[in-house]
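Next come the chains, spelled out residue by residue.
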Amino acid sequence: MGVVDLTGVRHRDGEGDPVTDRRPCGRDVLRDPVARDRRLGDASALGRASAAGSVALGQLKQRKVAVKFISSAEAVDRWSVYQCLVSEQPVDDKLFALVEGRWFEIASSLVNQVDSIVSAIPTMTVALPPGRPGESEGDYNARAAAGSTELTLLDKHLVAPDGATTKIEFCDLIATDGSLIHVKRKSRSSTLSHLFAQGHVSAEALVDGRLRDQVRAAITKAAGAADASTWLAFVPPGGVAPERDKVTVTYAVIANSNRKGVEWLPFFSRLTLMQTVRDLNRLGFTNIALARVPVEAAVSAPTTD
């Protein structure tokens, strides 16, 4: 992976904090609606106050999140609640991001550049089923492969470059149209950054002849009794150069979001994706796809009178 360009990100703190200087940034739960301190005895009280819209900014900065290490009998205060919050807020046509307790102003030129590149990424052509509430990524991948003759499951089929101590996953699903599909449930920016890195690592593996032989063995094993020739055609043997224009590095994000455009992805995830697209292009992979996989609504248990 290349170095992500953060020159368009400017730290705002102290007088420039869009919350403490009372600029109209964020929800009112970040400000005390009355001029008095509300002291909360425990985390459940903090949760109730948050639901009621009465949490003060000072409380979020004072209340600690504790961590208990295996080597210690006592929990240790590690962060404030405020440091654990992640938020993106548009203010006066500018974008501000709260990360680890600090506000950053994102230059409009950078936002426009990132969103232009990300919005141009085509939608994947392979049909995937919607996710289910509480379903793990492994269960989702297995269900998607079982329900389609176009897909075979490579999730948890690991390969390792020569001399490497760490094994890698070539992709979660491979499709008959050459889509190398990487699946991740949306949770936080770091999780999505790992997803985009997986696609890059997969592309590097495809140009490694010895590693391709391992991937071909994994495809054959995963296909079982099915004819694996269609999938194997996209991963040629070690002595044959891969046709990079025949495969599509595909990212499938399971996300329960109604946001339009590209805003369903956090800005820093979009920034990482832009950089990943550039890195893939430098490797010769120009076919990249992105998909938002919806999540089915939870089914309520029937009530009895």
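The rules behind these values
Residues numbered from 1 in each chain as written. Predicted model: local features only at pLDDT ≥ 70, side-chain atom pairs only at ≥ 80, totals over all residues. Heavy atoms only, no water. Phe/Tyr/Trp six-rings, centres within 6.5 Å; stacked < 30°, edge-to-face > 60°. Helix = DSSP H or I, 4+ residues; strand = E, 2+ residues; numbered from the N terminus. Buried < 20%, exposed > 50% of the residue type's maximum accessible area, 1.4 Å probe, protein only. Salt bridge = Lys/Arg side-chain N within 4 Å of Asp/Glu carboxyl O. Expected span 1.5 Å × (residues − 1). Arc of directions from axis to C-beta. Contact = heavy atoms within 4.5 Å. Polar contact = N/O pair within 3.5 Å; in protein donor to acceptor, adjacent residues only side chain to side chain. Core = buried A, V, L, I, M, F, W, Y, C linked by side-chain atoms within 4.5 Å. Pairing = 2+ DSSP bridges. Right-handed = clockwise from strand over helix to strand, strands pointing away. Axes fitted to C-alpha atoms, helices over the stretch in contact; angles between N-to-C directions. Parallel < 35°, antiparallel > 145°, perpendicular 65-115°, else oblique. Left-handed = near helix turned anticlockwise from the far one by under 90°. Nonpolar A, V, L, I, M, F, W, Y, C, P; charged D, E, K, R; others polar.

(A) Geometry of the packing of aromatic side chains. Tallied over the entire structure, the rule returns 2 aromatic pairs. Both rings, one in Phe196 and one in Tyr251, keep their centres 5.1 Å apart while their planes meet at 80°; by these two values the pair is edge-to-face. Separated by 55 residues along the polypeptide, Phe196 in helix 5 (residues 189-206) and Tyr251 in strand 12 (residues 248-254) bring together distant segments of the chain. For the pair Phe196 and Tyr251, one class covers both residues: buried. Aromatic side chains Phe267 and Phe268 sit 5.6 Å apart centroid to centroid with 75° between the ring planes, which places their arrangement in the edge-to-face category. Under the relative-accessibility criterion, Phe267 is labelled buried at 1%. The class for Phe268 is partly exposed, based on a relative accessible area of 21%.

(B) Expanded view of the pattern of salt bridges. For the structure on display, the rule yields 8 salt bridges. A salt bridge links Arg270 to Asp115; the nearest nitrogen and oxygen atoms lie 2.8 Å apart. Of this pair, Arg270 sits in helix 8 (residues 267-282) while Asp115 is found in helix 3 (residues 108-119), placing the two residues 155 residues apart along the sequence. Here Arg270 falls in the buried class, since its relative accessible area comes to 3%. The buried category is assigned to Asp115, whose relative accessible area is 18%.

(C) Fine view of helix 6 (residues 209-223). Along its 15 residues, helix 6 runs 21 Å from first to last C-alpha, staying within 8% of the 21 Å computed at 1.5 Å per residue. For helix 6, the complete set of buried residues consists of Gly209, Leu211, Arg212, Val215, Ala218, Ile219 and Ala223. All buried residues of helix 6 project into a common sector of 155° when viewed along the axis, lining one side. Facing away from the buried side of helix 6 by over 90 degrees, the exposed positions are Arg210 and Lys221. Buried positions along helix 6 lie against strand 7 (151-153), strand 8 (158-159), strand 9 (168-169), strand 10 (173-175), helix 5 and helix 7 (229-232). The backbone nitrogen of Arg210 has a side-chain oxygen 3.2 Å away, supplied by the residue at the start of helix 6, namely Asp208.

(D) Broad picture of the nonpolar core. Core analysis: the largest hydrophobic core is formed by 48 residues, its most contacted members being Phe170, Ile174, Ile219, Tyr251, Phe267, Leu273 and Leu290. Counting residues per element, the ones that place at least two in this core are strand 6 (102-106), helix 3, helix 5, helix 6, helix 7, strand 12, helix 8 and strand 13 (288-293). Setting aside residues no more than four positions away along its own chain, Leu290 makes contact with Val118, Ile121, Pro122, Thr123, Met124, Tyr251, Val253, Trp264, Leu265 and Leu273. Of all hydrophobic cores here, the second largest spans 17 residues; its members include Val126, Leu128, Leu173 and Val295.

(E) Representation of the pairing of strand 13. Counting buried residues in strand 13 gives 5 out of 6 residues, a clear majority hidden from the surface. Here strand 12 pairs with strand 13 via 6 bridges, running parallel. Note that in strand 13 the partner of Thr250 across the bridge is Ala289. In this fold, the crossover linking strand 12 to strand 13 by way of helix 8 has right-handed handedness.

(F) Structural detail: the packing of helix 3 against helix 8. Contact geometry of helix 3 with helix 8 gives a least axis separation of 9 Å together with a crossing angle of 60°. Taken together, the axis directions place helix 3 and helix 8 in an arrangement best described as oblique. For the crossing formed where helix 3 meets helix 8, the hand is left-handed. Contacts between helix 3 and helix 8 involve Leu110, Val111, Gln113, Val114, Asp115, Ile117 and Val118 on the former and, on the latter, Phe267, Arg270, Leu271, Leu273, Met274 and Arg278. A breakdown of the residues in the contact of helix 3 with helix 8 according to their chemical character gives 9 nonpolar, 1 polar and 3 charged.

(G) Highlighting the environment of Leu273. Within the fold, Leu273 resides in helix 8. In the structure, Leu273 is positioned 77 residues away from Phe196 in sequence and 6.3 Å away in space, judged by C-alpha atoms. What Leu273 contacts, discounting residues up to four positions off in sequence, is Val118, Ile121, Phe196, Tyr251, Leu265 and Leu290.

(H) Structural detail: the packing of helix 5 against helix 8. Running from amino to carboxyl end, helix 5 crosses helix 8 at an angle of 5°, the nearest separation of the two axes being 9 Å. The orientation of helix 5 with respect to helix 8, classified from their angle, is roughly parallel. Within the contact between the two elements, helix 5 uses Ser189, Leu192, Ser193, Phe196, Gly199, His200 and Ala203 and helix 8 uses Phe268, Ser269, Thr272, Leu273, Thr276, Asp279 and Leu280. Residues belonging to the contact of helix 5 with helix 8 are distributed by class as follows: 6 nonpolar, 7 polar and 1 charged.

(I) Focus on unusual backbone geometry. The backbone phi angle of Asp92 is positive, close to 50°, even though this residue is not glycine. Checked against the element boundaries, Asp92 lands in the loop between strand 4 (87-91) and strand 5 (94-99). Here Asp92 falls in the exposed class, since its relative accessible area comes to 59%. Phi is positive for Glu100, close to 55°, though the residue is something other than glycine. Summarising the element assignment, Glu100 is placed in the loop between strand 5 and strand 6.

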